[in-house]
Amino acid sequence: MEEKTALSSTDVASTITATADTATLQLIPATVTEIKGVRVFDVGQGDCIGLRDQNDEVCCYVDYGGNEYHPDQSNPSRTASRLPVQAGSHYVPVILTHWDKDHYWSANKKNPAAQKCEWLVPRQLVSPQATRFAAKLANAKCWPESIGDQAVSFAVGTDDEVEIRKCATFPANAQKEDRNHSGLAINLKRQPSGGTATHMLLPGDCAFDRIPNLPAKLSLRAIVAYHHGASTDWCAATEQTLANAYSPYVMAYSYGTHSPGKKNHYGHPNRSNYQSCHPNWDIGAIITEDIRAKGLNSSDLDW
Ligand SMILES: [Zn+2]
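- The protein chain has the name Metallo-beta-lactamase domain-containing protein in an unreviewed UniProt entry, where Dyella nitratireducens is given as its organism.

Below, the structure is given as structure tokens:
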């Protein structure tokens, strides 16, 4: 979801002055030997996706969002136990795809402990509200703009990698920015020795075709529908990107409603796009409003 960006938007780097050094960045501890899959949390309208370690615990979050239709609206303290940020004394890191509220807001009032995590964030023009939130992050680092649109890969164990790409460069002289398409996109890659690579794509709100330098033939095992399944920016190139992908396992839609089957006021998701492209993906899709209807907090996607 894109927030309306007024002229008073600020470069987040004016608040978060540290830049990540990708050569030394240790996002995920060496004790994590694999990314077993991902955990899609119900946070209402927004995204919060956990990367699961060998013990099935979240070792890193991609986004920590949720705003409207939040399941913990009447009991905010539940968020701390539903979306745990500590493993022992260690705080798990959070990779923020982009600076829209539905991707970080659970860390504001609902579980402020998440502000102690290491946050890896994109340099973007952000709202005054996001600037105030960013100022609370004790340990946040901007993704280095110098990397451009190249993927940087962080090895996890022997077979897995977390690939991070910044989808567009920071427009230093602009007064506004389409944050959906200039944030960080995450691609998980699994390649056993001598085997072929498979992927899980966590795009945030960036249309799949606008994620730079993805493999031409993505062998997808899991995919989270970008932008909560919206039709925004869906075009022929998006369909082509998905058509080139093969061996899909499962997809997920992350969005909120007041109750199952009720309308999401943004019109999310528009499942017809995926239905026409890969009907089987949609039929087996994990849907956050269904997760809630079953009395669950999250659902796992596996390799
Ligand atoms: Zn969003």
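So that's the structure; there's more coming.
### Comments concerning unusual backbone geometry
Okay, step 1: The omega torsion across His268 and Pro269 is -10°, close enough to zero to call that bond cis.
Okay, step 2: Positive phi is not limited to glycine here, since Tyr69 has a value of about 55°.
Okay, step 3: For Tyr69, the position within the fold is in the loop between β4 (58-62) and α1 (78-82).
Okay, step 4: Here Tyr69 falls in the buried class, since 23 other C-beta atoms lie within 10 Å of it.

### Focus: the sheet that holds strand β12 (residues 160-166)
Okay, step 1: Here seven strands make up an open sheet; going across it, the order is β11-β12-β13-β14-β15-β16-β17 and the pairing mixed. Looking along the sheet, the strands with just one partner apiece sit at the ends: β11 (152-156) and β17 (286-287).
Okay, step 2: The pairing of strand β14 (residues 198-202) with strand β15 (residues 220-224) spans three bridges and is classified as parallel. Bridge assignment links Met200 to a residue of β15, and that residue is Ala222.

Each value, and the rule that gives it
- Residues numbered from 1 in each chain as written.
- Predicted model: local features only at pLDDT ≥ 70, side-chain atom pairs only at ≥ 80, totals over all residues.
- Helix = DSSP H or I, 4+ residues; strand = E, 2+ residues; numbered from the N terminus.
- Buried ≥ 20, exposed ≤ 12 C-beta atoms within 10 Å, placed from the backbone.
- Pairing = 2+ DSSP bridges.

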